[in-house]
Amino acid sequence: MLVLATGACAAVPDDRALHCGTAWLASRIDGGGTISTAGNTRVFDGGESFLGTPKAMAWADAVRALFDAGRATRDPTFTTIGSRVWARHR
């Protein structure tokens, strides 16, 4: 998920692509820590299944990406948002 967002920001020079991609991810998370799946064609209620199990949002991967990006970019906003997602889903 973040890899795709960072790829979309590849035109941004230097290490700002990580910040750009993580900002995109953060924009999809509300104040309560819910990750929006709006516009996602694979992961949503009634979306794709794997071996009979509906695909679910990879919230733990999102938390790790937010914490890693917060540390790498020194932007505490990402860590705060990651904490909200963690509190919502743990």
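Sequence order sets the numbering: in each chain, residues are counted from 1 along the sequence as written. Thresholds applied to this predicted model are a pLDDT of at least 70 for local features of residues and 80 or more for the giving and counting of side-chain atom pairs; totals over whole chains, interfaces and linings are not thresholded and use all residues. Working from all heavy atoms in the structure, the side-chain values ignore hydrogens and water.

1. Some thoughts on the nonpolar core
Okay, so step 1: In this structure, L25, A26, I29, I35, A62, V63, A65, L66, A69, F78, I81 and V85 together form the largest nonpolar core, which totals 12 residues.
Okay, so step 2: Where this core is concerned, the elements lending two or more residues are α2 (16–27), α3 (59–73) and α4 (76–89).
Okay, so step 3: Note on conventions: DSSP H or I runs of at least 4 residues are helices, E runs of at least 2 residues are strands, and numbering of each starts at the N terminus. Counting residues per element, this core draws most heavily on α3, at five residues.
Okay, so step 4: Ignoring sequence-local partners within four residues, the contact set of I35 consists of R28, I29, M57, W59, A62 and V85. Here, the term nonpolar core denotes a set of buried Ala, Val, Leu, Ile, Met, Phe, Trp, Tyr and Cys residues that are joined through side-chain atoms within 4.5 Å. The buried label applies to any residue whose accessible area, calculated with a 1.4 Å probe on protein chains only, is under 20% of its type's maximum; exposed applies above 50%, and partly exposed to all values in between. Here, two residues are considered to be in contact whenever any of their heavy atoms come within 4.5 Å of each other.

2. Some details on the pattern of salt bridges
Okay, so step 1: Any Lys or Arg side-chain nitrogen found within 4 Å of a carboxyl oxygen on Asp or Glu counts as a salt bridge. The tally for this structure, following the rule as stated, stands at three salt bridges.
Okay, so step 2: For E48, the salt bridge identified is with K55, shortest N-O distance 3.1 Å.
Okay, so step 3: A residue is classified by how much of its surface remains accessible, and K55, at 27% relative accessible area, is partly exposed.
Okay, so step 4: A salt bridge links R64 to D68, with the shortest nitrogen-to-oxygen separation between them at 3.4 Å. A residue pair is termed a helical-turn pair when its members lie 3 or 4 positions apart in one helix, as R64 and D68 do in helix α3 at four residues.
Okay, so step 5: Assessed through its relative accessible area of 59%, R64 is described here as exposed.
Okay, so step 6: The network of salt bridges with shared partners includes R64, D68 and R71.

3. Regarding the confidence of the model for the protein chain
Okay, so step 1: The predictor's confidence in any single residue is recorded as pLDDT, a number from 0 to 100. Per-residue confidence for the protein chain gives a mean pLDDT of 83, with 84% of residues at or over 70.
Okay, so step 2: Across the protein chain, the secondary-structure element scoring lowest on mean pLDDT is helix α1 (residues 2–8), at 50, and the one scoring highest is α4, at 96.

4. A closer look at α4
Okay, so step 1: A helix is expected to span 1.5 Å for every residue after the first. With 14 residues, α4 should reach 20 Å at 1.5 Å per residue; the first-to-last C-alpha distance of 20 Å fits that figure.
Okay, so step 2: Within α4, burial applies to F78, I81, G82 and V85. Buried residues of α4, seen end-on, are gathered within an arc of 105° and therefore sit on one face of the element.
Okay, so step 3: For this analysis, a polar contact is any N or O atom pair within 3.5 Å, provided that within protein one partner can donate a hydrogen and the other can accept it, and provided that sequence-adjacent residues contribute only side-chain to side-chain pairs. The N-cap of α4, judged by a side-chain oxygen 2.9 Å from the amide nitrogen of T77 a few residues on, is D75. Working definition: the arc comes from the directions between the helix axis and the C-beta atoms, pointing outward to the latter.

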